[in-house]
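Fold and contact review
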Amino acid sequence: MSKIAVVPGSFDPITFGHLDIIKRGASVFDEIHVVVLNNSSKKSLFTVEERMALISEVTASLPNVHVDSFSGLLVEYAKNVNAHAIVRGLRAVSDFEYEMQITSMNRVLNEKIETFFIMTNNQYSFLSSSIVKEVAKYGGNISELVPKQVEAALKMKFGFK
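Summary of the structure given here. Please read these numbers as outputs of a predicted model, since none were measured by experiment. Just so you know, the residues in each chain are numbered from 1, in the order the chain's sequence is written. Two thresholds apply to this predicted model, a pLDDT of at least 70 for residue-level local features and 80 or more for giving and counting side-chain atom pairs, whereas whole-chain, interface and lining totals are computed over all residues. Hydrogen atoms and water are omitted, and side-chain values are computed over all heavy atoms in the structure.

**Some remarks on the overall build of the protein**
For the purposes of this entry, the term helix denotes a DSSP run of H or I that reaches at least four residues, the term strand denotes a run of E that reaches at least two, and both are numbered from the N terminus. Tallying secondary structure elements over the protein gives six helices and five strands in all. The helix and strand sequence of the protein, counted from the amino end, reads β-α-β-α-β-α-β-α-β-α-α. Relative to the compact-globule value of 15 Å for 161 residues, the protein shows a C-alpha radius of gyration of 15 Å, a close match. Taken along its principal axes, the extent of the C-alpha atoms in the protein is 50 × 30 × 30 Å. A simple rule labels every residue: compare its accessible area, found with a 1.4 Å probe on the protein chains alone, to the largest value its type can have, and call it buried under 20%, exposed over 50%, or partly exposed in between. Buried positions account for 43% of the 161 residues belonging to the protein. Taking all contacts inside the protein whose residues are at least 6 apart in sequence as the whole, residues at least 24 apart take part in 75%. Only the C-alpha atoms count toward the radius of gyration. The rule for a globule is 2.2 Å times the residue count to the power 0.38. Contacts are residue-level and defined by heavy atoms, with any inter-residue pair within 4.5 Å sufficient.

**Quick look at the sheet that holds strand E3 (residues 65-70)**
Criterion used throughout: strands pair if DSSP finds at least two bridges between them. The sheet built from five strands is open, its strands ordered E3-E2-E1-E4-E5 with parallel pairing. The open sheet has two edge strands, E3 and strand E5 (114-119), and neither has a second partner. The sheet shows a mean angle of 30° between the axes of neighbouring strands, direction not considered. Bridge count between strand E1 (residues 4-9) and strand E2 (residues 31-37): six bridges; the pairing is parallel. Looking across to E2, one finds that Val7 is bridged to Val34. For every element, the axis is a line fit to its C-alpha atoms; helices are fit only across the contacting stretch, and the angle between N-to-C directions ranges from 0 to 180 degrees.

**Overview of the pattern of salt bridges**
By convention in these notes, a salt bridge is any Lys or Arg side-chain nitrogen within 4 Å of a carboxyl oxygen on Asp or Glu. With the rule as written, the count across this model stands at seven salt bridges. Salt-bridge contacts for Asp20 lead to Arg24; the nearest nitrogen and oxygen are separated by 2.9 Å. Here Arg24 and Asp20 lie together in helix H1 (residues 16-28), a separation of four residues that amounts to about one turn. Look at Asp20 and you get buried, because its relative accessible area is 10%.

**Description of the packing of helix H2 (residues 48-58) against helix H6 (residues 148-157)**
Axis separation between H2 and H6 bottoms out at 10 Å; the angle between their running directions is 150°. What the angle tells us is that H2 and H6 run roughly antiparallel. For the pair formed by H2 and H6, the contact residues are Glu50, Leu54, Glu57 and Val58 on the first element and Gln149, Val150, Ala153 and Lys157 on the second. In this classification, the charged set is Asp, Glu, Lys and Arg, the nonpolar set is Ala, Val, Leu, Ile, Met, Phe, Trp, Tyr, Cys and Pro, and all remaining amino acids, among them Gly, are polar. Class assignment of the residues belonging to the contact of H2 with H6 gives a composition of four nonpolar, one polar and three charged. The scheme is simple: roughly parallel for angles under 35 degrees, roughly antiparallel for over 145, roughly perpendicular for 65 to 115, oblique for anything else.

**So, the side chain of Asp95**
In this fold, Asp95 is placed in helix H4 (residues 93-109). Take Asp95: its relative accessible area is 14%, and that puts it in the buried class.

**Notes on the pairing of E3**
In the sheet, E2 pairs with E3 via six bridges, with the strands oriented parallel. Its bridge partner lying in E3, Val35 is registered against Asp68. By the criterion used throughout, a crossover qualifies as right-handed when its path from the first strand across the helix to the second strand runs clockwise, the strands pointing away from the viewer. You can see the chain leave E2, run along H2 and come back into E3, and the turn it takes is right-handed.

**Some thoughts on the environment of Phe70**
Residue placement: Phe70 occurs in strand E3. When the C-alpha positions of Phe70 and Leu37 are compared, they lie 5.2 Å apart, and in sequence the two are 33 residues distant. Excluding anything up to four places from it in sequence, Phe70 contacts Val35, Val36, Leu37, Asn38, Glu76, Tyr77 and Asn80.

**Regarding the environment of Gly140**
Take Gly140: it is sitting in the loop between helix H5 (129-137) and H6. Sequence separation between Gly140 and Lys155 is 15 residues, and the spatial gap between their C-alpha atoms is 10.0 Å.

Everything listed here is a matter of coordinates, which is why it stays silent on function.
Here you go:
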């Protein structure tokens, strides 16, 4: 039986921090489904399709990574792809409290799906998509925060060359 895991997120946009968690998850699990969750309560910069395309580009060298989107309960998506694990990245203690609530709810919904937390590398502990967008919006250097494809896409969104 394959070890299948889901790495969920909004990925608006994907950062080197996200990519680190995906790569490390891909080294542990046979198959990783990176799932762009369509969160209607968030106003996204990139469409779901644009986010999926960027993730597909930057994970192309990882043959066991699949990119998808989903609107609904994550545990339902996991069940649909026969995943038994959810992989989440943690940057700081403040992330843990929120993630623990989500994990507890997911366990109530489906106790067969385990959640695995991966601590981010220290160099990415401050990094979030929101910070990246804010810096990019004002033309700041984001080359050490996101892959070059994402940097180019952000520059286009904000009207920079």
